[in-house]
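Observations on the model geometry
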Amino acid sequence: MKLTGAEIFIECLKREGVKTLFALPGGVVLKIFDTLHQQKDVEVILTRHEQGAGHMAEGYAKATGKAGVCLVTSGPGMTNVITALADAYMDSVPVVCFSGQVPTSLIGNDAFQEADNIGLSRPCTKYNFLVKDVNDLAGTIKEAFYIATTGRPGPVLVDIPKDVSMAKADFTYPNSVSIRGYNPTVEGNKWQIKQAAEAIMKAKKPILYVGGGVVFSGASQELIELAEMTQIPVDMTLMGLGAFPGEHPLSMGMLGMHGTYQANMAMHYSDLVIAIGARFDDRVTGKVSEFCPHAKVIHVDIDPTSIRKNIHVDIPIVGDCRTVLRELNQILRATVNGEQKDLRKPWWDQIRDWQQAHPLTYHQEKDGPIKPQQVVKRLYELTKDRDPIVATDVGQHQMWAAQYFKLAKPNRWLTSGGLGTMGFGFPAAMGAQAAFRDRLVLCIAGDGSIQMNMQEMATAVLSKLPVKIIILNNGFHGMVRQWQDLFYEGRYASSNLGTTPDFVKLAEAYGAVGLRVKKVGDLDAVLKEAIATDKPVIVDVPTYPYENCYPMIPAGGCNHEMILEDPPELKMKQSGGAKVTPEDKDTVLTA
Amino acid sequence: MEHIISVTVENKFGVLSRVAGLFSGRGFNIESLSVAPTLDPSMSQMTIVTSGDERIIEQIVKQLNKLIDVIKVVDLNETEFVSRETAIIKVHTKDVDRAEALRIVDIFRANVIDSTPTTYTIEVSGDPKKIEAIINLLQPLGIKELVRTGRVAVAREPVRQAAVQAKKIARE
Ligand SMILES: Cc1cc2nc3c(=O)[nH]c(=O)nc-3n(C[C@H](O)[C@H](O)[C@H](O)COP(=O)(O)OP(=O)(O)OC[C@H]3O[C@@H](n4cnc5c(N)ncnc54)[C@H](O)[C@@H]3O)c2cc1C
Ligand SMILES: Cc1ncc(C[n+]2csc(CCOP(=O)(O)OP(=O)(O)O)c2C)c(N)n1
Ligand SMILES: [Mg+2]
């Protein structure tokens, strides 16, 4: 029996185990929506904006480790989803996006709602396909899922012209894929792994620098074994949070621009950097010429282009983290003995000194304004037993979430690192909630960021996705204000949000629940109430507007030269000693 | 330093723009690029002339390899290779210059492939230095149009291996 393109599409999704599709309809995809409407295997979550659909697919993918799938229409539907595709590309998230296209006969004629979807998405997808013949549809979809989820994961676009969704063809789903130009290397080179093991045995001041690759490859167990066996401290990137337990005694926390003092010092002074599934981003290296000046570098990465892109590597190992770590652990298990512990005693003494000298700090006065760090810390303490999934937006609140929410396991952390997309958090949280209906999903948001995809509250209410949004409401694009205070003499060019909606009423307007924390003493009670609510909730937490996030390495600075607290002139200004502009006063009052 | 990179790609829609997009998006240099189908019509051969330091060339090779439609990448500078470029040059030739033009054509073993009473169209092949040289000599006569193919190149067959191969063929 012959199936239509739309039917083939759905059959393929079923074969790929897709249960949820984040989508928004339009003219050229109506046939597909009509067919979806008549079946029950794939749930359609109707979003309010295609960017939301894209981020939901990302959240779904990050939480499950499987591909997230979205469907958008041609023209504006496609251009709207581009931000999410670019985000997924930067953070290596497996997303398969289907876009509608004008009928093949009209392509190139400036037809209604036509856009060059292939051209638009080429620089922000791992690969993209235009399906011109319904007979190619099934094979193309198989390849799309294969490419998105193997090797270094990433977004793949499949562009389906309207006539292809209507035309009929025999349906057969291929069992396997073979693409001659695409063969990711999984096994690491054995000789190189042996070299790495020898370097690890000899190192006096080694450090593990682990990133998103460990999460993608599911190598947390192997990483824990390696770290414990060799007693090597672990630095995590923003994307690697959860790859290693945040409360583990060997965990140094996050490194980089807003990383902990000990994480950055240990990196700078180490004699051996063992980078695993991390890509030496400039938020981590700071000034490249002075990055880890004393260290040999081992780099394990499945993508050869990540290796030696930014910094020199002594022992490159191209392969999957998990496979390589297993092999490495096997060698080390046979050789590690008590000697390394003695060898590294001075290193650990030094690290403990660093930890004690400058732990993460903030000061919460009992009746003072609410400090954002306090909110994250209490949220963490109140929810950690429930093993929550935590999404963030982009800004200061994201960094405080990274510092104070200590994740125990991988795939619980949804954040936009590479592109830094404001508005990512809420839809990403919804995507994760759609995958795990019974789990607690939190979104730590900024008052600026949340407004970038607020419209998805309608989706959350309609599709019963009880995400808990905690807005750290400082009245500012806080991250921008921080830079202005530190580097632009306190001139707040367009960082003061000026007016913000009443988020409690806004939640209620959508049919969700809105709560507000009025003073720090109420924090626990309100957070508990939110957690206990079985609906989407916004918790509006007005926080101290001038809190800055530290430590901080200024862009292009060196890793051991961190700013640890507000410089004196800033402290003066905040305590009312210096002139405060009328504009600033307003913010203090409204926030 | 200049490098010649030979890239075997899928012969299908959009591959050229993926390669070109890679170079422009990452700020790599393209001095010339030529592309044509291979003996196997499902593949095309690209020859890209680029430049950069060692680190950049390493990234170019790796990034090209990462493209899904790229089947094979060879940095020809790592081996011995031969390269050729063709230019077609249309020159003005007034009476007195016609003989001079032909002399130059002769010296460079070029060919006149079209002629009118006032122009010669000259085809020349060779390495880039030779092409530059003939252009310099023809310039005083007045070059009306000039097109160049960009370079194509292949690795030299290693001599020992070639000898063994030849013997084998002779035996068969
Ligand atoms: C406001 C803001 C501030 C930031 N501050 C910081 C900061 O202080 N510190 C910080 O760390 N980041 C920070 N970031 C994030 C930063 O920009 C980068 O996104 C992040 O550092 C990259 O993390 P990663 O190295 O783990 O790489 P990812 O982007 O997670 O990439 C993963 C790497 O692993 C490889 N890989 C994938 N799968 C596998 C596999 N199976 N096996 C082996 N390798 C694999 C990939 O090829 C890639 O090289 C900040 C971002 C924002 C928006
Ligand atoms: C889409 C987008 N536009 C602009 C920026 C630049 N930017 C980075 S952080 C930030 C401020 C975020 O404000 P908010 O969400 O309130 O977070 P806060 O820093 O106050 O915690 C801005 C504008 C961005 N990252 N993303
Ligand atoms: Mg804010």
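Think of each chain on its own: its residues are numbered from 1, step by step along the sequence as written. Following the order in which they are written, the chains are lettered starting with A and the ligands numbered starting with 1. Given that the model is predicted, a residue must reach a pLDDT of at least 70 before its local features are reported, and side-chain atom pairs must reach 80 or more before they are shown or counted; all residues, however, enter totals for whole chains, interfaces and linings. Excluded from the side-chain calculations are hydrogens and water; all other atoms, namely the structure's heavy atoms, are used.

Residue and element names in this part refer to chain A. The rule for donors is simple: an N, O or S atom within 2.8 Å of the metal counts, and for Na, K and Ca the reach is 3.2 Å. Water is not among the atoms, so a site may look short of donors. For the magnesium ion (ligand 3), every protein donor is listed as Asp447 (OD), Asn474 (OD1) and Phe476 (O), and the spread of their distances is 2.0 to 2.2 Å. Here the donor residues for the magnesium ion (ligand 3) map to a single chain with the spacing D-x26-N-x1-F. Residue aspartate 447 is found in the loop between β17 (441–446) and α19 (457–462), and its partner asparagine 474 is found in the loop between β18 (468–473) and α20 (478–487); the two are separated by 27 residues along the sequence. Each of the two residues, aspartate 447 as well as asparagine 474, counts as buried. Secondary structure elements follow DSSP: runs of H or I of four or more residues count as helices, runs of E of two or more count as strands, with numbering from the N terminus. Relative accessible area decides the class of each residue, using a 1.4 Å probe on protein chains only: under 20% of the type maximum gives buried, over 50% gives exposed, and in between gives partly exposed.

With that settled, consider the sheet that holds strand β13 (residues 296–301) of chain A. Residue and element names in this part refer to chain A. Two strands pair under a simple rule: DSSP has to find at least two bridges between them. Spatial ordering of the open sheet is given by β11-β10-β9-β12-β13-β14, a layout of six strands whose pairing is parallel. Each having just a single partner strand, β11 (251–254) and β14 (315–318) make up the two edges of the open sheet. Ignoring strand direction, the axes of neighbouring strands in this sheet form an average angle of 15°. Where strand β12 (residues 272–276) lies against β13, five bridges are found, and the strand directions are parallel. Looking across to β13, one finds that isoleucine 276 is bridged to valine 300. Each axis is a line fitted through C-alpha atoms, and for a helix only the stretch in contact is used; angles between axes span 0 to 180 degrees, taken between their N-to-C directions.

This part takes up the side chain of histidine 258 of chain A. Residue and element names in this part refer to chain A. In this fold, histidine 258 is placed in the loop between β11 and α11 (261–269). The class of histidine 258 is buried, set by a relative accessible area of 3%. A polar atom in the side chain of histidine 258 sits 3.1 Å from the backbone oxygen of proline 551. If sequence neighbours within four positions are ignored, histidine 258 has contacts with Met399, Gln403, Met479, Gln482, Cys549, Pro551 and Met552. Contacts described as polar in this section are N or O atom pairs within 3.5 Å, which, within protein, must combine one atom able to donate a hydrogen with one able to accept it, while residues neighboring in sequence count only if both atoms come from side chains. Note on definitions: a residue-residue contact is assigned when non-hydrogen atoms from the two residues lie within 4.5 Å.

On to the packing of aromatic side chains, then. Stacked, tilted and edge-to-face are the three classes applied to pairs of Phe, Tyr and Trp rings, where Trp contributes its six-membered ring and a pair requires centres within 6.5 Å; stacked means planes under 30 degrees apart, edge-to-face means over 60, and tilted covers the rest. Scanning the model with the defined rule gives 17 aromatic pairs over all chains in all. Look at tyrosine 380 of chain A and phenylalanine 405 of chain A: their rings are 5.2 Å apart centre to centre, the planes differ by 65°, and that puts the pair in the edge-to-face class. Note that tyrosine 380 of chain A is positioned in helix α16 (residues 372–383) and phenylalanine 405 of chain A in the loop between α17 (396–404) and β16 (413–414), a separation of 25 residues in sequence. By relative accessible area, which is 7% here, tyrosine 380 of chain A ends up buried. Owing to a relative accessible area of 4%, phenylalanine 405 of chain A belongs among the buried residues under this scheme. What links up through ring pairs into an aromatic cluster is the set Phe476, Tyr492, Tyr544 and Tyr546 of chain A. Either the NZ atom of lysine or the CZ atom of arginine qualifies as a charge over a ring when it sits within 6 Å of the ring centre and within 35 degrees of the ring normal. A cation sits over an aromatic face here: lysine 132 of chain A above phenylalanine 13 of chain B, 4.6 Å from the ring centre. Above the face of the phenylalanine 436 of chain A ring, arginine 439 of chain A is positioned so that its terminal group lies 5.0 Å from the ring centre.

Residue and element names in this part refer to chain A. Any residue with a heavy atom positioned within 4 Å of a molecule or strand is treated as near that molecule or strand. Close to ligand 2 lie 17 residues, the nearest being His397, Gly420, Asp447, Ser449 and Gly478. Contact between ligand 2 and glycine 448: an oxygen atom at 2.8 Å from a main-chain N or O atom of the residue. One of the backbone nitrogen or oxygen atoms of glycine 478 is found 2.7 Å away from an oxygen atom of ligand 2. Computed with a 1.4 Å probe, the accessible areas rest on the Shrake-Rupley method; for each residue, only the protein chains presented here act as cover. Burial of ligand 2 by the protein amounts to 76% of the accessible area it has alone, namely 580 Å². Sorting the residues of the shell around ligand 2 by element identifies α17 and α20 as the ones contributing at least two each. Among the elements that take part in the shell around ligand 2, α20 stands out by supplying three residues, more than any other. Gly is placed with the polar residues, together with every amino acid not listed as nonpolar (Ala, Val, Leu, Ile, Met, Phe, Trp, Tyr, Cys and Pro) or charged (Asp, Glu, Lys and Arg). For the shell around ligand 2, the per-class residue count stands at six nonpolar, 10 polar and one charged.

Let us now look at the domain arrangement of chain B. All names here are of chain B. Just so you know, the domain bounds were taken from an automatic or database domain assignment. The domains assigned to chain B are domain 1 (2–78) and domain 2 (83–153). Accessible area that two parts lose when put together, evaluated with a 1.4 Å probe and summed over both, is termed the buried area. The junction of domain 1 with domain 2 conceals about 510 Å² of combined surface from both sides, 52% of it contributed by carbon and sulfur atoms. Salt bridge, as used here, is a side-chain nitrogen of Lys or Arg placed within 4 Å of a carboxyl oxygen of Asp or Glu. Where domain 1 touches domain 2, the interface holds one salt bridge. Ionic pairing is found between arginine 151 and glutamate 2, a salt bridge with its closest N-O pair at 2.9 Å. Applying the counting rule to domain 1 against domain 2 returns one residue pair in polar contact (both at pLDDT 80 or more). Taken together, the elements giving at least two residues each to the side of domain 1 that touches domain 2 come down to β1 (2–10), β2 (32–37) and β3 (43–51). Here the side of domain 1 that touches domain 2 takes three residues from β2, the largest share from any one element. Residue composition of the side of domain 1 that touches domain 2, by class: four nonpolar, three polar and one charged.

Residues and elements named next belong to chain A. Applying the stated criterion across every chain yields a total of 40 salt bridges over all chains. Put simply, lysine 377 and glutamate 381 hold a salt bridge, and the shortest N to O gap is 3.6 Å. With a gap of four residues between them, lysine 377 and glutamate 381 both fall in helix α16, about one helical turn apart. When its relative accessible area of 31% is taken as the criterion, lysine 377 is described as partly exposed. Beyond isolated ion pairs, a larger network of salt bridges with shared partners links Glu11, Lys14, Arg15 and Asp41.

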